[in-house]
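Per-entry structural report
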Amino acid sequence: MPSKRPIIRPKLSVTVLVVSLVFVVMFLVSVGFSLGLLRGITAKTQETSQELLPELVHTQNNLLKIEQIRSYIDLIYWVQNGNLERNYRLESQVLIHSFLFENDPFLASEASNILHDIREIASIRQLQRTLQREAIQALNEFTDPNVIKVRGLLSALPQREIREGQLPSTFGQLTALSSFAEIEQRILFISDLNRQLDWMLIDTKARLERVSTYLNSDAALKAQTLATDIGTDIERITQYSVFFMSVVVLLFLFLFFVFKNTLLRPIQSLVAGLKAIEQQGNKTIMLKPLFFKELDTIRESIEDYSGLVFRMQKANQELENLSRIDGLTGLANRRYLDEILHEEMNRAMRHQHALALLMIDIDHFKGLNDQYGHQVGDHCLKVIAQIIKGYTQRTGELAARFGGEEFTLILPEIAHPDVWRIAESIREECSQTAIYLENDFSISIQMTVSIGFVHQVVDVTDDAEALLKKADQALYQAKASGRNCVREG
Ligand SMILES: Nc1nc2c(ncn2[C@@H]2O[C@H](COP(=O)(O)OP(=O)(O)OP(=O)(O)O)[C@@H](O)[C@H]2O)c(=O)[nH]1
């Protein structure tokens, strides 16, 4: 037969240590991971605040500068004073130079175009202003109303354009100085310059608008990138938290399930085992082997304890039986007789039943002892005892050895005629039984018994002693009446 391999059971203490270590390692890993994640997010936030935010600020600055350049261009266009115009031009140039390109080729090329436009506008405006001034100066000496009108028109440039046909057809004295066509041509040229300026202004403003739109969309893009970055980080933190919490919850559920099956239930079964020993110590209990070594050791101890309790209960029972039984005849002894008689009297009293007590004594037993010896006497006592015991069938009936060669029979809940019948039967059976000597079967002994009994409904005034006494007196009468007879007390 193949030898059974011993089952290796894990130790609870070691398991708890290992689980704790796993938890500690998991905790450290998660702390490390959390710190790494947070560090990454912090670095990203710093990077954002150091790069993206300044970029956004630069874009906003550029937008402001664009607005300022736009107003400078207007001023360059409208201003009549050359010095002021130069100032505005320089200011706008400074602004363009302070423009932040951030390596953006579109911005760089548009800035240089704007610079070029400003110079162009300024130079045309300068030329227009010079020509305008010269023309006005030349016309200043004349008082002709048409000349004054033309001078007025020239002074209103560039607010109001001078169109062909707007000029008067004659200039009076002026025609003496130069031809009408020549003057008209010059004034219209100045006005043309104005139209050119208008177009340039429209172009430049459109360019500025383009740059402004570009910067705005760039700022929006950067803001969106920033928002997306923050959103991604928040999502990562959320995902990590959900993952970590799920792992922890699942692990706890798993451990709870494992410990419930390997720890809580086994402990409950051990407690149930102990209770079973307490409640039913008359049999040994067997428990299922347990997973953890320590618990299994406790299980083995409980099983051993159960076996011990069982053996002790058995021994106690045997001792108790021995203390109730007469060693020679196997009938109840005097002590147990008193106990049962007391109980049966109480029961009879409660239920108002009649109780019968028979005292049975072997006749001339001393002579038998003397003739055949004590051993034969003992044998006869056993035979008579078995005959009497044969009359105990119902619950509560008890045959006892009262002492020496005297026996007692308790018959509860019995009718009077039945007592007589049973007593006579015992007497008759004893007298008809031939007892053979164990070492000589040729010799048989005939024995008789005398019986005294009492039958009555017990009341509170009665006690066991009185009942026994009454039965004994009846027995005495039977003896006095010549033995081998029954008498009632
Ligand atoms: N062999 C044996 N004899 C016992 C035992 N117990 C008592 N005896 C004897 O029983 C006898 C009782 O004798 P007595 O009381 O004189 O009664 P009896 O001889 O039966 O006479 P009556 O009862 O008057 O018929 C005594 O000789 C006791 O020694 C016992 O356990 N074994």
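Quantities reported herein were computed from a predicted structural model and do not represent experimental measurements. (Residues numbered from 1 in each chain as written. Predicted model: local features only at pLDDT ≥ 70, side-chain atom pairs only at ≥ 80, totals over all residues. Heavy atoms only, no water.)

Some remarks on the nonpolar core
A general feature of soluble globular proteins is that nonpolar side chains tend to end up buried together. Let me state the cut-off plainly: For this analysis, a nonpolar core means a set of buried residues of the types Ala, Val, Leu, Ile, Met, Phe, Trp, Tyr and Cys, connected via side-chain atoms within 4.5 Å. Any residue under 20% of the maximum accessible area for its type is buried, any over 50% is exposed, and the rest in between are partly exposed; the area is computed with a 1.4 Å probe on protein chains only. Here a helix means four or more residues in a row that DSSP labels H or I, a strand means two or more in a row labelled E, and each is numbered from the N terminus. By definition, residues are in contact when any of their heavy atoms lie within 4.5 Å.
Ile69 and Leu154 are the most contacted members of the largest nonpolar core, which has 38 residues in total. If you list the elements that add at least two residues to this core, you get helix H1 (12-78), helix H2 (82-97), helix H3 (105-139), helix H4 (145-155) and helix H6 (180-279). A total of twelve residues in this core trace back to one element, the largest contributor, which is H3. Non-local contacts of Ile69, meaning those with residues more than four positions away in its chain, are made with Ser92, Leu95, Ile96, Ile114, Ile118 and Leu208. Core analysis: the second largest hydrophobic core is formed by 33 residues, Ile384, Ala385, Met447 and Val449 among them.

Considerations on a nonpolar patch on the surface
We apply this condition: A residue counts toward a patch only above 30% relative accessible area and without a salt bridge, and it is joined to like-charged neighbours within 9 Å or, for Val, Leu, Ile, Met, Phe, Trp and Tyr, to nonpolar neighbours within 5 Å. Values of accessible area rely on a 1.4 Å probe in the Shrake-Rupley scheme; residue burial ignores everything except the protein chains shown. Any carboxyl oxygen of Asp or Glu within 4 Å of a side-chain nitrogen of Lys or Arg constitutes a salt bridge here.
On the surface, Val24, Phe27, Leu28, Val31 and Leu35 cluster together to form a nonpolar patch covering roughly 460 Å² of accessible area. With a relative accessible area of 31%, Val31 lands in the partly exposed category.

Re the UniProt feature "transmembrane region" (unreviewed entry) in the protein chain
The line we're drawing: UniProt positions are given in the numbering used here, feature names are shortened, and annotations may be inferred rather than shown by experiment.
UniProt records the feature "transmembrane region" (unreviewed entry) at residues 12-38 and 240-259, using the numbering of this structure. Secondary structure content for residues 12-38 is 100% helix and 0% strand, while the C-alpha to C-alpha distance between its ends is 38 Å.

A short note on the packing of H3 against H4
Put simply, the rule is: Axis definition: a line fitted to C-alpha atoms, over the contacting stretch in the case of helices. Angles run 0 to 180 degrees between N-to-C directions. For classification purposes, angles smaller than 35 degrees are called roughly parallel, those larger than 145 roughly antiparallel, those between 65 and 115 roughly perpendicular, and all remaining angles oblique. A clockwise turn of the near helix away from the far one marks a right-handed crossing, whereas an anticlockwise turn of less than a right angle marks a left-handed crossing. For this classification, the nonpolar set comprises Ala, Val, Leu, Ile, Met, Phe, Trp, Tyr, Cys and Pro, the charged set comprises Asp, Glu, Lys and Arg, and every other residue, Gly included, is treated as polar.
Running from amino to carboxyl end, H3 crosses H4 at an angle of 160°, the nearest separation of the two axes being 10 Å. Taken together, the axes of H3 and H4 lie roughly antiparallel to each other. Of the two elements, H3 crosses H4, and the hand of that crossing is left-handed. Note on element contacts: H4 touches H3 through Val147, Val150, Arg151, Leu154 and Ser155, opposite Gln132, Ala135, Ile136 and Leu139. Split by residue class, the contact of H3 with H4 holds six nonpolar, two polar and one charged.

Remarks on the packing of H1 against H2
Closest axis-to-axis distance for the H1/H2 pair is 9 Å, and the angle between their directions is 160°. On the basis of their axis angle, the class for H1 and H2 is roughly antiparallel. Along this stretch, H1 crosses H2, giving a crossing that reads as left-handed. Mapping the contact onto sequence places Lys65, Gln68, Ile69, Tyr72, Leu75 and Ile76 in H1 and Glu85, Tyr88, Arg89, Glu91, Ser92, Leu95 and Ile96 in H2.

Focus on the sheet that holds strand S7 (residues 486-488)
As a reminder of what qualifies: Strands pair, by our definition, only if DSSP identifies at least two bridges between them.
A sheet is described by the order of its strands in space; here five strands give the open sequence S2-S3-S1-S6-S7, paired in mixed fashion. A single partner strand is all that each edge strand has here, and the edge strands are strand S2 (398-403) and S7. Neighbour-to-neighbour, the strand axes of this sheet turn through a mean angle of 20°, independent of strand direction. In this sheet, S7 lies alongside strand S6 (residues 449-457) in parallel orientation, the contact comprising three bridges. Along S7, the bridge assignment pairs Ile451 with Val486.

Quick word on the pairing of strand S3 (residues 406-412)
The element S3 is largely enclosed, with a buried count of seven among its seven residues. Burial of S3 is two-sided: the residues Glu406, Thr408, Ile410 and Pro412 facing one way and the residues Phe407, Leu409 and Leu411 facing the other way are all buried. Relative to S3, strand S1 (residues 354-362) runs antiparallel, the two sharing seven bridges. Following the sheet pairing, Ala356 is matched in S3 by Leu411. Relative to S3, S2 runs antiparallel, the two being bridged by five bridges.

Overview of H4
Put simply, the test is: Comment: arc refers to directions from the helix axis out to C-beta atoms.
Looking only at H4, the buried set comprises Val147, Val150, Arg151, Leu153 and Leu154. The buried residues of H4 occupy an angular sector of 160° when the element is viewed end-on, so they sit on one face.

Concerning the pattern of salt bridges
Under the criterion given, the structure shown has 25 salt bridges. Of the charged contacts in the structure, one is a salt bridge between Arg324 and Glu339, with a shortest N-O distance of 3.9 Å. Of the two residues, Arg324 is situated in helix H7 (residues 293-324) and Glu339 in helix H8 (residues 334-351); the sequence distance between them amounts to 15 residues. A salt bridge links Asp361 to Lys479, with the shortest nitrogen-to-oxygen separation between them at 2.6 Å. Here Asp361 is found in strand S1, whereas its partner Lys479 is found in helix H12 (residues 464-480), with 118 residues between them in sequence. The class for Lys479 is buried, based on a relative accessible area of 18%.

Overview of unusual backbone geometry
The phi torsion at Glu413 lies on the positive side, around 50°, for a residue other than glycine. Among the secondary structure elements, Glu413 is positioned in the loop between S3 and helix H11 (416-432). Of note in the backbone geometry, Asn484 takes a positive phi value of approximately 50° without being a glycine. You can see Asn484 is positioned in the loop between H12 and S7.

A closer look at the side chain of Thr204
Looking at the element boundaries, Thr204 is found in helix H6. In contact with Thr204, other than residues within four places in its own chain, are Ile73, Asp117 and Ile121.

Comments concerning the site of the ligand
So the rule is basically this: Working definition: residue near molecule or strand if any one of its non-hydrogen atoms lies within 4 Å of it. Definition of a polar contact: a pair of N or O atoms within 3.5 Å, with one able to donate and the other able to accept a hydrogen when the atoms are protein atoms, and with sequence-neighbouring residues admitted only if both atoms are side-chain atoms.
The local shell around the ligand holds 16 residues, among which His364, Phe365, Asn369, Asp378 and Arg401 are the closest. One of the backbone N or O atoms of His364 is found 2.8 Å from an oxygen atom in the ligand. Contact with the protein chains removes 66% of the 660 Å² of surface that the ligand exposes when unbound. Every element with two or more residues in the shell around the ligand is listed here: S1, helix H9 (365-372) and helix H10 (374-389). Top element by residues in the shell around the ligand is H10. It accounts for four residues. A breakdown of the residues in the shell around the ligand according to their chemical character gives three nonpolar, five polar and eight charged.

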